[in-house]
Amino acid sequence: MTFTTDQLITEINSQVALFRDLLIHIGTSRDCPELREKIRKLRRTCVDACKHTSQLLLPQIRRWKMSDTRQASVMTSRTLNSDGGWGEVDAR
């Protein structure tokens, strides 16, 4: 089954919310070995989901960053003309 990045991020968000809800019970009357095991498993699942999502997103982010850097380079080699348009910088 394939998920979109939005779905993966939503799933991570849900896991973190559940993780928080479970952690609130540590040290209370509801604390027990089963709760701690559930927290441990959920933590592992959340870490794995974060790693998987980052492996999908980081290459895209790097490509966008490279593209933005190239565009910025082109923009810095241009100057604004008197008519409001962009022209090449005179490198004399």
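Keep in mind it's a predicted model, so treat the numbers as computed, not measured. Residue indices follow the written sequence of each chain, beginning from 1 at its first position. Where totals are concerned, whole chains, interfaces and linings use all residues; where local detail is concerned, this predicted model gives features only for residues with pLDDT of at least 70, and gives and counts side-chain atom pairs only at 80 or more. Excluding hydrogens and water, the side-chain figures rest on all heavy atoms present in the structure.

(A) Inspection of the overall build of the protein chain at higher detail. When helices and strands are tallied, the protein chain shows two helices and two strands. By residue count, 13% of the 92 residues in the protein chain fall in the buried class. Should any heavy atoms of two residues lie within 4.5 Å, those residues are considered in contact. Nonlocal contacts in the protein chain, meaning residues at least 24 apart in sequence, comprise 37% of its contacts between residues at least 6 apart. Throughout, the Shrake-Rupley method with a 1.4 Å probe supplies accessible areas, and for residues the shown protein chains are the sole cover considered. Accessible surface for the protein chain amounts to roughly 7,700 Å². Of this, 57% is attributable to carbon and sulfur atoms. Comment: elements are numbered from the N terminus, with helices defined as DSSP H or I runs of at least four residues and strands as E runs of at least two. For each residue, the accessible area found with a 1.4 Å probe, counting protein chains only, is set against the maximum for its type, and the residue is called buried under 20%, exposed over 50%, and partly exposed in between.

(B) Structural detail: the environment of L42. The residue L42 is located in helix α2 (residues 33-76) in this model. Residue classification places L42 among the buried positions, given a relative accessible area of 11%. Residues L42 and Q15, spaced 27 residues apart in sequence, show a C-alpha to C-alpha distance of 7.2 Å. Those residues in contact with L42 that lie beyond four places of it in its chain are Q15, L18, F19 and L22.

(C) Fine view of helix α1 (residues 5-23). With 19 residues, α1 ought to run about 27 Å at 1.5 Å a step, and its terminal C-alpha atoms sit 27 Å apart, in line with that. Of all the residues in α1, the buried ones are L8, I12, Q15 and L22. Within α1, the buried residues cover an arc of 85 degrees as seen down the axis, which keeps them to one side. For α1, the exposed residues lying more than 90 degrees away from the buried face are D6, N13 and R20. Multiplying 1.5 Å by the residue count of a helix minus one yields the expected span of that helix. In this description, the arc belongs to the directions extending from the helix axis to the C-beta atoms.

(D) The environment of T5, seen in detail. Among the secondary structure elements, T5 is positioned in helix α1. Note on T5: relative accessible area 26%, which makes it partly exposed. Along the backbone, T5 and T53 are 48 residues apart, and their C-alpha atoms lie at a distance of 7.0 Å.

(E) Fine view of the environment of R30. If you trace the backbone, R30 turns up in the loop between α1 and α2. With residues near it in sequence (within four places) discarded, R30 still touches H25 and L35. Within the local environment of R30, its side chain forms a polar contact with the side chain of H25, the two groups lying 3.3 Å apart. Two N or O atoms form a polar contact when they lie within 3.5 Å of each other; inside protein one atom must be a possible hydrogen donor and the other a possible acceptor, and for residues adjacent in sequence the pair counts only when both atoms belong to side chains.

(F) Fine view of the pattern of salt bridges. One side-chain nitrogen of Lys or Arg within 4 Å of one carboxyl oxygen of Asp or Glu is enough to make a salt bridge. Enumeration according to the criterion identifies four salt bridges in this entry. Two residues, D21 and R20, come together in a salt bridge whose shortest N-O distance is 3.3 Å. Looking at D21, the relative accessible area reads 40%, which means it is partly exposed. Judged by its relative accessible area of 52%, R20 falls in the exposed class. Notably, a salt bridge pairs D48 with R44, separated by 2.9 Å at the nearest N-O pair. Of this pair, D48 and R44 are both found in helix α2, four residues apart, which corresponds to roughly one turn of the helix. According to the relative accessible area criterion, R44 is partly exposed, its value standing at 34%.

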